[in-house]
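# Structural overview
Here are the chains, one letter per residue:
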Amino acid sequence: MRSRYSAFVLGLGDYLVHSWHPDFLGTLTAEQLSQTDTRWDGLEILAAQGGPADDAGTVEFKAWFVEGDERHCLHERSRFVRYQGRWVYTDGEQDPAPLRVGRNDPCPCGSGKKFKKCCG
């Protein structure tokens, strides 16, 4: 997720296309994704699930950007899958509902601990 945010900041459209699942890319091109009209202002990772042994994962984040004199937030829970041996973005849900985590579920912060022993 951090690498995709950096690619958006730097206008690295080729990297964004490479890290996007082709079934979900639609008509977007590297040229379009290289446009850096947005003034990005920070990334905050809120939760991550999925690791080296998994085939799917999610990352919830807030990406801050500036338009005019105002700072705004893109809040998304992104879905990733393993494709040809690497993690790629599929799609995401903007302004997602809060995660419902049970006490014995893995902590959404990605620590590997149970929720009750970590952030709960």
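A brief structural summary.

What counts and what doesn't
- Residues numbered from 1 in each chain as written.
- Predicted model: local features only at pLDDT ≥ 70, side-chain atom pairs only at ≥ 80, totals over all residues.
- Heavy atoms only, no water.
- Core = buried A, V, L, I, M, F, W, Y, C linked by side-chain atoms within 4.5 Å.
- Buried < 20%, exposed > 50% of the residue type's maximum accessible area, 1.4 Å probe, protein only.
- Contact = heavy atoms within 4.5 Å.
- Salt bridge = Lys/Arg side-chain N within 4 Å of Asp/Glu carboxyl O.
- Helix = DSSP H or I, 4+ residues; strand = E, 2+ residues; numbered from the N terminus.

### A look at the nonpolar core
By size, the foremost hydrophobic cluster in this structure holds eight residues: A7, L16, W20, L25, L33, V59, F80 and Y89. When near neighbours in sequence (up to four residues on either side) are disregarded, L16 contacts R4, A7, F8 and L33.

### Points about the pattern of salt bridges
For the structure shown, the criterion picks out four salt bridges. Note that R71 and D41 form a salt bridge whose closest N and O atoms lie 2.7 Å from each other. Here R71 is found in strand β3 (residues 70-83), whereas its partner D41 is found in strand β1 (residues 39-49), with 30 residues between them in sequence. Under the relative-accessibility criterion, R71 is labelled partly exposed at 48%. The residue R77 makes a salt bridge to E93 at a minimum N-O spacing of 3.9 Å. Linking R77 in strand β3 with E93 in strand β4 (residues 86-94), this pair joins segments that are 16 residues apart in sequence. The class for R77 is buried, based on a relative accessible area of 11%. On the basis of relative accessible area, E93 is assigned to the partly exposed category, the value being 32%. Here the salt bridges share partners, and the residues they tie into one network are E60, R77 and E93.

### Some remarks on the environment of R2
With respect to the helices and strands, the residue R2 is situated in helix α1 (residues 2-10). Looking at R2, the relative accessible area reads 58%, which means it is exposed. Through-space distance from the C-alpha of R2 to that of L43 is 7.8 Å; in sequence the pair is 41 residues apart. R2 has contacts with L43 and I45, leaving out every residue within four places of it along the chain.

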